[in-house]
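Notes for the structure review
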Amino acid sequence: MRRIFLVAQREYVQNVRTKGFWIGIFFFPVLLTAFIVVPQLLERTKSARRYAVVDQSGWLLEAVNQRIAVGDLQLALDAAADRASSPDDAEKLPGPLRAAASDLSALTSADRMALATALLRSGDGADLSPQARTMYDAHGDALRSWWSGVSRDTLRALDVSFSFTRYVQMTAPSGPDAAAAEALNRRVADDDLFAYFVLDGDPVSGVGLSRYVSKNLTDEDLREWFGSLATNEVRERRLEREAIDPGVARWIQTPVRFDVRKVSAEGAEESIGERDMLRQWAPVVFVYLLWISVWSVSQMLMMNTVEEKSSRVIEVLLSSVSPVQLLAGKIVGIAATGLTMVLSWLLAFFLATKYLPGVLGASPDLPLSTIASDPLLLGSFLAYFLLGYLFYAAILVGLGSVCNTVSDAQNMMPAFMLVLIVPLLAMVPIGRDPNGVLAQVLSYIPPFTPFVMMNRAAGPPTMFEYAVTTALLVVSIMIALWAGAKVFRIGVLLTGKPPKLKEILRWIRAPVGMVPVRKEVSR
Amino acid sequence: MDSALLLDGVTKRFGDVVAVDAVSLRVPCGAIYGFLGPNGAGKTTTIRMIMSILYPDAGTIRVLGDGNPEAVKDRLGYLPEEKGLYKKMRVAEILAYFARLKGMATGEAKSRARRLLDDFGLGDWADKKTETLSKGMSQKVQILGTLIHDPELVILDEPFSGLDPVNVELVRNVILDVKREGRTVIFSTHVMEQAEMICDYIFLINKGRKVLDGTLRQVRQSGEQAIAIDYDGDGGVLRRLPGVARVNDAGKTAELFLQDGADPQALLKLLVGQLEIHRFDMREPSLHEVFIRAVGGKAHA
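Source: prediction; values computed, not measured. (Residues numbered from 1 in each chain as written. Chains lettered and ligands numbered in written order. Predicted model: local features only at pLDDT ≥ 70, side-chain atom pairs only at ≥ 80, totals over all residues.)

Further remarks concern the overall build of chain B. Each helix and strand counted, chain B has 10 helices and 13 strands in total. Its C-alpha atoms put chain B at 70 × 45 × 35 Å along the principal axes. Summarising the internal contacts of chain B: among those between residues at least 6 apart in sequence, 68% fall at separations of at least 24. (Helix = DSSP H or I, 4+ residues; strand = E, 2+ residues; numbered from the N terminus. Contact = placed C-beta atoms within 7 Å.)

Broken down by element type, chain A carries 23 helices and 6 strands. Counting the 523 residues in chain A, one finds 34% classified as buried. (Buried ≥ 20, exposed ≤ 12 C-beta atoms within 10 Å, placed from the backbone.)

If you look at the interface, chain B gives 30 residues, while chain A gives 23 residues. Secondary-structure elements contributing two or more residues to the side of chain B that touches chain A are strand S2 (17-28), helix H1 (43-50), strand S5 (76-79) and helix H2 (91-101) of chain B. For the side of chain B that touches chain A, the element with the highest residue contribution is H2(B), accounting for 3 residues. Classifying every residue of the side of chain B that touches chain A by side-chain character gives 15 nonpolar, 6 polar and 9 charged. (Nonpolar A, V, L, I, M, F, W, Y, C, P; charged D, E, K, R; others polar.)

Residue and element names in this part refer to chain B. By the criterion of burial, strand S3 (residues 32-36) is predominantly enclosed, with 5 of the 5 residues buried. Across the two faces of S3 the burial is the same, with Ile32, Gly34 and Leu36 and Tyr33 and Phe35 all buried. Taken together, the 4 bridges between S3 and strand S8 (residues 201-206) define a ladder with parallel strand orientation. Note that in S8 the partner of Leu36 across the bridge is Leu204. (Pairing = 2+ DSSP bridges.)

What follows covers the sheet that holds strand S10 (residues 226-232) of chain B. In a beta sheet, neighbouring strands pair by backbone hydrogen bonds and run either parallel or antiparallel. Residue and element names in this part refer to chain B. The 4 strands are arranged S11-S12-S10-S13 in an open sheet whose pairing can be described as antiparallel. Across the chains shown, the open sheet's two edge strands, defined by having one partner strand only, are strand S11 (244-249) and strand S13 (276-283). Across the sheet, the mean angle from the axis of one strand to that of its neighbour is 20 degrees, orientation sign disregarded. Pairing of S11 with strand S12 (residues 253-258), which is carried by 5 bridges, proceeds in the antiparallel orientation. Of the residues in S12, the one forming a bridge with Asn248 is Glu255. Against the sheet, helix H9 (residues 264-274) contacts S10, S12 and S13, and its axis sits at roughly 165 degrees relative to S13. (Axes fitted to C-alpha atoms, helices over the stretch in contact; angles between N-to-C directions.)

This paragraph deals with the confidence of the model for chain A. With 90% of its residues at a pLDDT of 70 or more, chain A shows a mean pLDDT of 82. Taken together, the stretch residues 516-523 of chain A has pLDDT below 50 and engages in 25 contacts with residues farther than four places along the chain or on a different chain. (pLDDT = per-residue confidence, 0-100.)

Residues and elements named next belong to chain B. Within the open sheet, the 3 strands sit side by side as S2-S1-S4. Their pairing is antiparallel. Each edge of the open sheet is held by one strand with a lone partner, namely S2 and strand S4 (58-63). Taken pair by pair, the neighbouring strands of this sheet meet at an average axis angle of 15 degrees, ignoring direction. The pairing of strand S1 (residues 3-14) with S2 spans 8 bridges and is classified as antiparallel. Following the sheet pairing, Leu5 is matched in S2 by Val27.

The subject of this paragraph is unusual backbone geometry. Residue and element names in this part refer to chain B. Despite not being glycine, Asp150 shows a phi value in the positive range, around 50 degrees. You can see Asp150 is positioned in the loop between helix H4 (135-147) and strand S6 (153-157). Take Asp150: there are 15 C-beta atoms within 10 Å of it, and that puts it in the partly exposed class.

Let's shift gears to the nonpolar core. Ranked by size, the top nonpolar core spans 148 residues in total, and within it A:Leu290, A:Ala393, B:Leu95 and B:Ile155 carry the most contacts. When residues in this core are grouped by element, the largest group, 16 residues, is from helix H17 (residues 375-402) of chain A. With near-sequence residues (within four places) excluded, A:Ala393 lies in contact with A:Ser298, A:Leu301, A:Ile331 and A:Ile334. Counting 24 residues, the second-largest nonpolar core is a separate cluster that includes A:Ala84, A:Leu97, A:Ala118 and A:Leu155. (Core = buried A, V, L, I, M, F, W, Y, C linked by C-beta atoms within 7 Å.)

A separate point is the pairing of S10(B). All names here are of chain B. Two elements, S10 and S13, share 7 bridges in a ladder whose sense is antiparallel. Bridging from a neighbouring strand, Asp230 pairs with Arg279 of S13. Two elements, S10 and S12, share 4 bridges in a ladder whose sense is antiparallel. Within S12, the position partnered with Ile227 by the bridge is Leu256.

The next subject is the environment of B:Pro56. Residues and elements named next belong to chain B. Note that Pro56 resides in the loop between H1 and S4. Among the residues examined, Pro56 registers 23 C-beta atoms within 10 Å and is labelled buried. Spatially, the C-alpha atom of Pro56 lies 5.1 Å from that of Lys12, the residues being 44 residues apart in sequence. Once residues lying within four places of it in the same chain are set aside, the contact partners of Pro56 are Val10, Thr11, Lys12, Met49 and Ile61.

Across chain B, the average pLDDT comes to 86, with 98% of residues at 70 or higher. For this predicted complex, the interface confidence comes out at an ipTM of 0.81, alongside a pTM of 0.73.

Our focus in this paragraph is helix H18 (residues 406-425) of chain A. When the terminal C-alpha atoms of H18(A) are compared, their 28 Å separation across 20 residues agrees well with the 28 Å that a helix rising 1.5 Å per residue should span. A maximum bend of about 30 degrees is found in H18(A) at A:Phe416. (Expected span 1.5 Å × (residues − 1). Bend = angle between axes of the 7 residues up to and from the residue.)

In this section: the packing of H2(B) against H4(B). A pair of packed helices is captured by two measures, namely the crossing angle of their axes and the spacing between those axes. All names here are of chain B. For the pair H2 and H4, interaxial distance at closest approach is 8 Å and the crossing angle is 30 degrees. The angle between the axes of H2 and H4 places the two elements in the roughly parallel class. The chirality of how H2 crosses H4 is right-handed. Contact residues: Val91, Leu95 and Phe98 in H2; Val141, Leu144 and Gly145 in H4. Of the residues that constitute the contact of H2 with H4, the class distribution is 5 nonpolar, 1 polar and no charged. (Parallel < 35°, antiparallel > 145°, perpendicular 65-115°, else oblique. Left-handed = near helix turned anticlockwise from the far one by under 90°.)

With that settled, the discussion passes to the packing of H17(A) against helix H22 (residues 463-491) of chain A. Residue and element names in this part refer to chain A. The geometry of H17 relative to H22 is characterised by a closest axis approach of 8 Å and an angle of 20 degrees between their N-to-C directions. It follows that H17 is roughly parallel to H22 by the angle criterion. Handedness of the H17/H22 crossing: left-handed. The residues of H22 that touch H17, namely those facing Leu387, Leu390, Phe391, Ala394, Ile395, Val397, Gly398, Ser401 and Val402, are Leu473, Ser476, Ile477, Ala480, Leu481, Ala483, Gly484, Val487, Phe488 and Gly491. Classifying every residue of the contact of H17 with H22 by side-chain character gives 14 nonpolar, 5 polar and no charged.

The subject of this paragraph is the environment of B:Gln218. Residues and elements named next belong to chain B. Inspection of the secondary structure assignment puts Gln218 in helix H7 (residues 216-221). When the 13 C-beta atoms within 10 Å are taken as the criterion, Gln218 is described as partly exposed. Sequence separation between Gln218 and Ile202 is 16 residues, and the spatial gap between their C-alpha atoms is 9.0 Å.

Below, the discussion takes up the environment of A:Val287. Residue and element names in this part refer to chain A. Along the chain, the position of Val287 falls in helix H13 (residues 274-310). C-beta crowding within 10 Å serves as the criterion here: with 26 such atoms nearby, Val287 is assigned to the buried category. Once the C-alpha coordinates of Val287 and Ser319 are considered, the two residues, 32 residues apart in sequence, prove to be 41 Å apart. Aside from chain neighbours lying at most four places away, what touches Val287 is Pro423, Met427, Phe451, Met454 and Asn455.

Structural data, given as structure tokens:
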């Protein structure tokens, strides 16, 4: 035992001192941070898209612009309503919004939308709900005059994604269409404009086509945003022309809606939230993490063994420890190294999801951080890390012992990749159907068990499945360790060309202490 | 306990190849025992069995009086032929590690490693990584690693191979020091001159079988009488001398074996006329001669 401990201690200390270990420790947190931070930064740095509109209908552009303004005003009203609850935030609101904030927060979001519409379109607010109506009477004039004179900087200070922060409308040149189009094309070519629209002369009839011209056909946000506003406007005109009540039209268009619920483990019906959706997919993240860690840590063990052989220190060690003690010490030492790495990753995951959004000024991502501290996920992650590591470590250390150079070992890797790619390929299908046939079958194949069972954590699998697959895995680990130790005993003393698989299998079958034919062993 | 090592009918097979065939041997305590034999004779396999790195297929091995070689590992020091150091470990650290593997307490192992390094002039290297050592220095460190725990039986497999004369001298002194302290040394070599210089006993193995075993003198006397000469001149003359059966000519020195009944004095007279003779003495044959005769190769004429 003492010798096993000494070997393990040396492995741990030496590995922790390597650069590779620290790169491994920081790799994941840096990656994770990048995943959280980069999209936000990209969103912020995305410059506003400049566009122009040639309106052949003569009315559609103006109507769309009014809709844009209504949308922005509603955003401003929503922001005021949101901040009404916190006196500090409310204090910073511009005048009329501040005055109206608490009243606004009493309205529903639909009422605020109706209010915004009523404020900017002609009309007296007659079709508003009673609460919105009171609001309209009390603050309507103040809000309307504030909105008509407000500067963009004031609005930007509200930190709401107003349409003008993303899309900026430029005036289109007037004059004959052909000349205007030519001028606009040049501006698009020069990147002065992101795109321009040419609205059809009679969009209500639906016969002609409007045009959207841009250099960039992958970013469709602008076309979708402007297009849906225009479509809504045109729809309303059509209803008007056919004298159909807009209320009737909305009702006709109402889709069949579903209240999505799930059944808990106890059989009770529960409503679902964002957290449940995340839970469904969180295991996939853990599978990926598990895969990387099992693979890199057992490979670390293999490379270590090869290094011991190629530096010829192994026989010196064998004069003090038996091959099995050496093997056990190495496996334990590298397991400790791997656990240190994995635990630091988990800690980083936990801290990053909990505090990083706060640092960035966004609200903490609560569902994500509860997942990062979910005992079932964390527990099975650690357990499957250890089991998976032991399984692959036993095999790789055996193979490592027959290699004399790192390149010998690398030649063996592709075969392993073929096996290990399976759980990665199955990751998404299993995530979608955690208790499906594929998931169940793969669970019982020991090399895949750790990854697949981790993948299924959202299911979750039954206790019976946990028990049987774990038992199978443990038995396979014992067989693998036994075979690995036998190969290791012979392999460590071997020089020259690595043996063929057939030869290795013969070693495994031979009784302990026997060394089947191998010229290089004798000397 | 008067024998450091007892082998009795030890046999080891690798598949169909019999690497060691029913070898019996007794190594007395406090002796220097040389294991000689050509490449592939079974020296390393025998040594690995003594170190319980390999297990014999038949026969028994008693090391330091114990039938279970695993139990005495801490009292043995072993320097394999294929030897190396962890490249990234510091010199003092790896020595202390070897000592601790042999059961020494951590603190003692550390202080002892530093003391040994100082004694052998490597004090400045104690905190450097082993990959920075020259070949000779790393050989020294390896030998220190073998001796750091004061083993009762020291086994060195080809300790002289690849060493320059200074380090050969160093290893030889280390072996003699161990003997002086009453401990036992076994080493294998195919450099006969080294064996001749320091061995008390010789064990000669060929194709897995014991060929000769005994004190250095006994082994040498088992061969026929020889005449050793030192000379200057054309060595081709030696081969044409009448009455000479065989010649081991090394250019400046030579070993001559006479035909039955030939007169050494007559030979001397003949030689003096043709070569400049610096030495002429009659004695038992060199280990080299015994070796070549025993393993069945022809003395190179």
